[in-house]
Structure formats: structure tokens, C-alpha cells
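Survey of secondary and tertiary structure
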Amino acid sequence: MSNVLDGLEILVSRLGGTRLVEDYYAGATQLSSFYAGYPWSLDAFARRAEQVKRASSQERAAVMQSAVQATSPAAVDRLERIAAGNGFVVTTGQQTGLFGGPLYTAYKILTAVRLARTLEQALGVPVAPLFWVPADDHDWDEVNHVSVIDAQNQMQRIVLAGAAEPAVSMARHVVGAEIEPALDALSNAIPANDFSLEQLDVLRRAYDPRGSMAHAYRALIARTFAPFDLLITSSSEPALKRYSIPLIEHELEHTSEHSARLRSQTDRLIAAGYHEQVAIATDAANLMYEDENGRERLMREGSGWLLRRTKRYFDHDELLAIVRTEPERFSANVLLRPVVESHTFPTLAYVGGPAELSYFAQTGCLFAAHDVAMPLVFPRVSIDLVEAKIRKVLDKFSLSPADLRRPFHELASQIARDDLPESVRTALQALRGDLTRDYAQLAAAAATIDPTLKGPLESARNAGHKQADEVERKILGHLKKQNEIGLEQLRKASTSLFPNGERQERAIGTINYLGRYGPALLAGILDAVQVQIDAAIEGWDGVRCA
């Protein structure tokens, strides 16, 4: 699907990736036992809604009121009604990427917004998009940078200086004075206009040097997506931590059993022909522990627990006591986090990318082990943003955006071949044909003299073909030189759509386009995102555990 915003094309397509993703869209029966339901089926959402209603409680309502921020008056109203048990949420989340992170973060949020609106209309009750900030994450190298395209159409990677040693969660990692040089670098990279100046002001307000990275990210997401009535929360919220105490205790008490369930589920997935997205550790809890030495995985050690990096040891009862008095020290790993979300919020669906679709397939039996119903998993959209100047280049060479996936040198050579005059093409074809035919005739004649002449003659023929190839390369080189301006334009188009061979949505920051097109960009993307939940499919009626 295509939409146009002031010369910017918004090309929406379905998520690509692995065979699992392709089969998921197709509703392949071999995947049905790994998921809660087919996410394009209204019946599946209706079943999920009934499960969620049964799990509602006053305690959960209090947590929602305390831990969730509503970004608009309409969001406040939805939050109150949902917390009272009269509605649901569609969740999504993403690491705390610098200045809002890559484009696909926005695509996740806007897919959740569209899905929530579609479900609200279909179910007749409030359904709100809820963004989850994974504030407990500690991978600094994953979140300390953003890439933009400067006025010369060159990629600029802006990195926040400093390091998180030891491994400090983003809820504790202070932004610091290093944010100023990063903001200056961004200001110098993106073209100056009213939109970019406005966005830089928003960033400066969000990224208080004295605040945490998670708080800055949350403030930025809340401000940017307030027009879409977004709800937002953080994994480090005290109320959420307290509410998760029973779940954390259960995870510690049954680690071996849960690891076996995950291993069995993952082995079934592999046997069905798919891959293991997250490695299953049989000697580790799906929990992390954080203290003054940083955040670490909890490993089983005899009857107690060991921190993977610092080797600090806890007696089992000692660790349980810490859970009850200091739950903020504990956080879920990537496999347990979805369970915590659905345990805490009335979640109909989670909107994710290809990696999340894959690891959700591993976790169904972990949900069951905690007596938490698994949500539906809805793929985010995939989008290419094609600026008018890029479209002109594509049209000039009769290319589609997908054609720019190819390495640039291959694309340039192909374009040069396409530009070969027909007379040159015909002459080269005739030359190669003559070489093959004439050497064959010579070899046949020479064989009557001495059969061993066949080898030298074949070598001579091959050398002739190599010389013909070299002649063609030289001609193509001259054509490329004559078209240097056009090929440079093509190189810039490649940088915009597939920088360094990556999809635009994974490599370029949302701020790159917000700074060019302003807030209307997000509204334009939402208009282009369509969600249909009218599919009818049998067999996808819930996770089955061995």
C-alpha cells in the first residue's frame, strides 16, 4: 500500500524475514500449537477478551492507575475505563534507543494504535495502545546511538559517549553531560528547518543530563505519540515490581521445571522446521538481578543461586527474602518479560517484529507454567519512506525500491549493461559465438593429427573468452564514467533506502524524518497502515504443551 505526504511516499508492506514469519502470515497448521491464536481472526480476539476478563482484579486495576501514564485526555479516559475492567490494551515495546531509536520503533507503535482502534470498533469496548519501556535492559551498545542522513546524503552515526560499566540498567544509567555533543552532532547532521528545530527542542527537554536514559526515552515517546492517545509504562515502575513478586517467586521456585518446558517447546519448534531465536539455558532462571555491581543473570548453583558475572552466591531463602523486600532488584529476561506484561495488564495482543514472533513461539508453555494466558502476537508493518528526490532517481533508471537491496557495484554494472548500444551487444555476442564455434571446428580438425591437442586448444578458447570479458568490462567502465552523475544519484538513493545493505527501517532513526517532515509524518504513516481481522482459520485455538 502507498500513501503520499508532501512528496514523501509511504510504502507499506507486510513484515519479511524468516520462514517462520512467512508461515505465520499463511496460517500454517504446523505453527498453530505455538501461538494463542491467528491474529487476523476476530474470533481469536473475542476468545482472548474472555480470558482477560476472567483475570481482572482490583489489585491489577490499582497497578494500572499507578504504573501507566496517559499521554492525552482521551487516553486518560480510556485508562480509567480499562483499569475498571471495561476494556483492554494492545502492547508493544522497544529498547531505549538514542533520540527515539530506529524507524521500526515508530512502526511498532503505530501498528499497535491501528490494531487497538480496529479492535475497539469490533469489540465495542475501549482498547488502548500501551508502550512498554524496557527500562531494566542494560545493553549499552544497543541503545547509545542513532543514524541519520545528512544534507549531503551521507550516513552519520551519532554515538553517546561513555560506557555502562558495570552493566547498569537504563533506569539507572544517567544521561550525563555527553548528551550535549550528541545533540550538537544531530543538529549539524539534519537539514535545518522549522521541523528540525522543533524536534531538537523536544529532544533537549526529554534528555535531561541529570535524568536516566529510560526516563528520557519515555518522555520522548510520550511527547511524540501523544496525538495517538498512547498509554506508556516502564518495567522499572515500583507498583509493577511489587505486583510481580508472586510471579518472580514462582519463577525461582520452579526454574528447573520452566527450563524443561522451554526446552521441550523449543525442540518441538525446531522439529517443525524453524529456528531457536533465544538460547535456552537449563541452569539459569529467566530472571536478572541488579545491585551496585550491575545487572546479571541468576544461575542455579546447588540449592542456591549464583550471579553469572560477579559469582556472588545467594542461599535460596535469602534470595526469596530479597524478592519480598526489594523487588526492584529483579527483572525478567526476554522470555519472561511477555509473561510479566500479560500478568500485569489486560493484554489482547502484542505487536512485534520478526525476532519477537520467533521467541513468542518458544514461550507458550512458560505462560502456562505461570497460569497466565498468552496474548495474540500481531506483526508490525514494514515501511519504506521514499522521498521525491529518490523517486526521481528510481524512475530515471526504471527501478523499484526493492531493486536497491542489491550491492551497489552489481546494480551499477547491470545499469551499464542495460545502456550498452545494441550494436556493441550484438558484436560481443557474435565474438563469443565465433570463438566457441571456430575453436570447436579447429579442435575437431586438429584431433585427426593428435588427440592431445584438445587441451591446449580449449585453454586458448577460454583465454579468448576471458579477453572478450575484459573488453566488455572496459566498455562498461567507460559507460559508468559517462554516467557518473546518474550513478552518484543512485548511490544516494541506495543510502536512503538500504544504508549499508540494511533495511531503512532498521538503520535510520525516526528523528531523521521527523526533522524533515514534522509530526504530520506519523499521522501519514498511520493513515497508510491498515489492519484486517476478518480471516477465518481452523486449528489455531491456543498453545498446546507437551
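Here is a short report on the structure shown in this document.

Conventions used here
- Residues numbered from 1 in each chain as written.
- Predicted model: local features only at pLDDT ≥ 70, side-chain atom pairs only at ≥ 80, totals over all residues.
- Heavy atoms only, no water.
- Patch = residues over 30% accessible without salt bridge, like charges linked within 9 Å, V, L, I, M, F, W, Y side chains within 5 Å.
- Areas by Shrake-Rupley, 256 points an atom, 1.4 Å probe, with all protein chains shown as cover.
- Salt bridge = Lys/Arg side-chain N within 4 Å of Asp/Glu carboxyl O.
- Lys, Arg positive; Asp, Glu negative; His and termini not counted.
- Charge placed at Lys NZ, Arg CZ, Asp CG, Glu CD.
- Helix = DSSP H or I, 4+ residues; strand = E, 2+ residues; numbered from the N terminus.
- Buried < 20%, exposed > 50% of the residue type's maximum accessible area, 1.4 Å probe, protein only.
- Contact = heavy atoms within 4.5 Å.
- Disulfide = S-S within 2.5 Å.
- Pairing = 2+ DSSP bridges.
- 1 Å grid on protein atoms, 1.4 Å probe; cavity = no way out; pocket = protein on both sides within 12 Å on 5 of 7 lines; lining within 4 Å.
- Points joined across faces, edges and corners; volume = space filled by probe spheres on them.
- Nonpolar A, V, L, I, M, F, W, Y, C, P; charged D, E, K, R; others polar.
- Arc of directions from axis to C-beta.
- Polar contact = N/O pair within 3.5 Å; in protein donor to acceptor, adjacent residues only side chain to side chain.

Below, the discussion takes up a negative patch on the surface. A cluster of acidic residues, Glu253, Asp315, Asp317 and Glu318, forms a negative patch at the surface. Its place among the elements puts aspartate 315 in the loop between β12 (313-314) and α13 (316-325). Judged by its relative accessible area of 36%, aspartate 315 is partly exposed.

Once that is clear, we can look at the environment of alanine 116. As for its placement among the helices and strands, alanine 116 is situated in helix α5 (residues 103-123). Along the chain, alanine 116 and glycine 433 lie 317 residues apart, while their C-alpha atoms are 63 Å from each other. If we skip the residues at most four places from it in the chain, alanine 116 touches Val90, Val127, Ala128 and Pro129.

Scanning all chains against the criterion turns up one disulfide. A sulfur-sulfur distance of 2.1 Å marks the disulfide that ties cysteine 365 to cysteine 545. One quick way to see it: the torsion about the S-S bond of cysteine 365 and cysteine 545 is about -120 degrees, and its sign makes the bridge left-handed. Pair noted here: cysteine 365 is in helix α15 (residues 354-369) and cysteine 545 is in the segment after α23 (520-528), with a separation of 180 residues, a long-range link.

One open sheet accounts for five strands, arranged β12-β11-β10-β9-β13; its pairing is antiparallel. Here the strands that pair on one side only, and so sit at the sheet edges, are β12 and β13 (330-332). Summarising the sheet, strand β9 (residues 284-291) and strand β10 (residues 294-301) pair through five bridges and their orientation is antiparallel. Residue pairing in the sheet places aspartate 291 in a bridge with glycine 294 of β10.

This part takes up empty space enclosed by the protein. One pass over the full model with this rule turns up three cavities of 30 Å³ or more. For the largest cavity, the calculated volume is near 150 Å³. Contributing to the lining of the largest cavity are 16 residues, with Asp136, Lys241, Ser331, Ala332 and Val340 lying nearest its centre. Elements that contribute at least two residues to the lining of the largest cavity include exactly α10 (238-243), β13 and α14 (337-344). Looking at which element gives the most residues to the lining of the largest cavity, the answer is β13, with three residues. Broken down by class, the residue content of the lining of the largest cavity amounts to nine nonpolar, three polar and four charged. Of all the secondary-structure elements, those providing two or more residues to the lining of the second largest cavity are α5, α8 (194-206), α9 (213-225) and α22 (510-517). Per-element tally for the lining of the second largest cavity: the top contributor is α9, with four residues. In terms of residue class, the lining of the second largest cavity is made up of eight nonpolar, five polar and no charged.

All right, on to α13 then. Buried within α13 we find His316, Leu319, Leu320, Ile322 and Val323. Each buried residue of α13 lies within a common arc of 155 degrees when the element is viewed along its axis, so the set occupies one face. What points out from α13, more than 90 degrees from its buried face, is the exposed set Asp317 and Thr325. Next to the buried residues of α13 lie α11 (245-253), β9, β10, β11 (304-307), β12 and β13. Capping of α13 at its N-terminal end is provided by aspartate 315; its side-chain oxygen lies 3.0 Å from the backbone amide nitrogen of aspartate 317.

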